[in-house]
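Report on the structure
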Amino acid sequence: NAGVTQTPKFRILKIGQSMTLQCTQDMNHNYMYWYRQDPGMGLKLIYYSVGAGITDKGEVPNGYNVSRSTTEDFPLRLELAAPSQTSVYFCASSYPSGSANTEAFFGQGTRLTVV
Amino acid sequence: AQKVTQAQTEISVVEKEDVTLDCVYETRDTTYYLFWYKQPPSGELVFLIRRNSFDEQNEISGRYSWNFQKSTSSFNFTITASQVVDSAVYFCALGLYNQGGKLIFGQGTELSVKP
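Below, the structure is looked at part by part. Values in this document were obtained by computation on a predicted structure and should not be read as measured data. Per chain, residue numbering runs from 1 following the sequence as it is written. Chain letters and ligand numbers both follow the written order, the letters beginning at A and the numbers at 1. Local features are withheld for residues below a pLDDT of 70 in this predicted model, meaning they are given only at 70 or higher, and side-chain atom pairs are given and counted only at 80 or more; totals for whole chains, interfaces and linings count all residues. Water and hydrogen atoms were dropped before computing side-chain values, which therefore reflect all heavy atoms in the structure.

1. Overview of the sheet that holds strand β7 (residues 64-66) of chain A
All names here are of chain A.
- Each pair of strands is called paired provided DSSP finds at least two bridges between the two strands. Runs of H or I in DSSP of at least four residues are treated as helices and runs of E of at least two as strands, each being numbered from the N terminus. Strand order across the open sheet formed by four strands is β1-β3-β8-β7, with antiparallel pairing between neighbours. Of all strands in the sheet, those with a lone pairing partner are β1 (4-7) and β7, marking the two edges. Direction aside, neighbouring strands of the sheet carry axes that sit 20° apart on average.
- Direction of pairing for strand β3 (residues 19-25) relative to strand β8 (residues 76-78): antiparallel, over a ladder of three bridges. Here an axis means a line fitted to C-alpha atoms, over the contact stretch when the element is a helix, while the angle between two N-to-C directions is reported on a 0 to 180 degree scale.

2. Structural notes on the pairing of strand β8 (residues 64-69) of chain B
All names here are of chain B.
- In this scheme, a residue with accessible area under 20% of its type's maximum is buried, one over 50% is exposed, and one in between is partly exposed, where area comes from a 1.4 Å probe on protein chains only. Of the two faces of β8, the one holding Tyr64, Trp66 and Phe68 is buried and the one holding Ser65, Asn67 and Gln69 is not buried anywhere.
- In textbook terms, the turn of a hairpin is the stretch between consecutive antiparallel strands, and for strand β7 (residues 59-61) and β8 this stretch comprises two residues, one of which, Gly62, has a positive phi near 65°.
- In this structure, β8 lies alongside strand β9 (residues 74-79), joined through six bridges in antiparallel fashion. Opposite Ser65, over in β9, you have Thr78 as the bridge partner.
- Linking β8 to β9, which pair antiparallel, is a turn of four residues; within it Ser73 sits at a positive phi near 50°.

Here it is in structure tokens:
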């Protein structure tokens, strides 16, 4: 039971570098999300998707891009990394609202440090 | 505005004490979900409970119980006879039914259970 898989688990980036955080789920969920968690804080939504080909901004989208070409994958792209993007990133997926089970399943997180 | 407030930043108890974690939410939506997640020191997010806005029944699961009161917009979580393994950060979250199921998280309550 893989669930939601994120790679990498840890990464150190230099200011101005770019990278892609990978997220894949094997539960055939339509809905997928990217959140970031800053130290001592709750999670904040970066981007989300309600299906392949559809994405929308969350609360803190600046500095990030996403794509959703398949149901399974929802990569998060950081362009021109900045120290303010140092955080733990969580990918999640769920069934659509209104389904019997709308629990969000979370990946293990990616700890990113920008120096 | 959609908002979740967990007023208790940190709670420290001695093992076997009962402890209640408070959660107050704000939304104008009539259909929504409420969640509690546990984040142990290892960092992953563990789903504990989901409650939809039409179901105000309280729930008990072992040592855990939840009290949902729409009149006060609260969804409080009680751990009975706490154990050291309950030490973690606990997040309350509001799920937006009409907005792609995205979650609004509180800032979390760090519970420390001492032997």
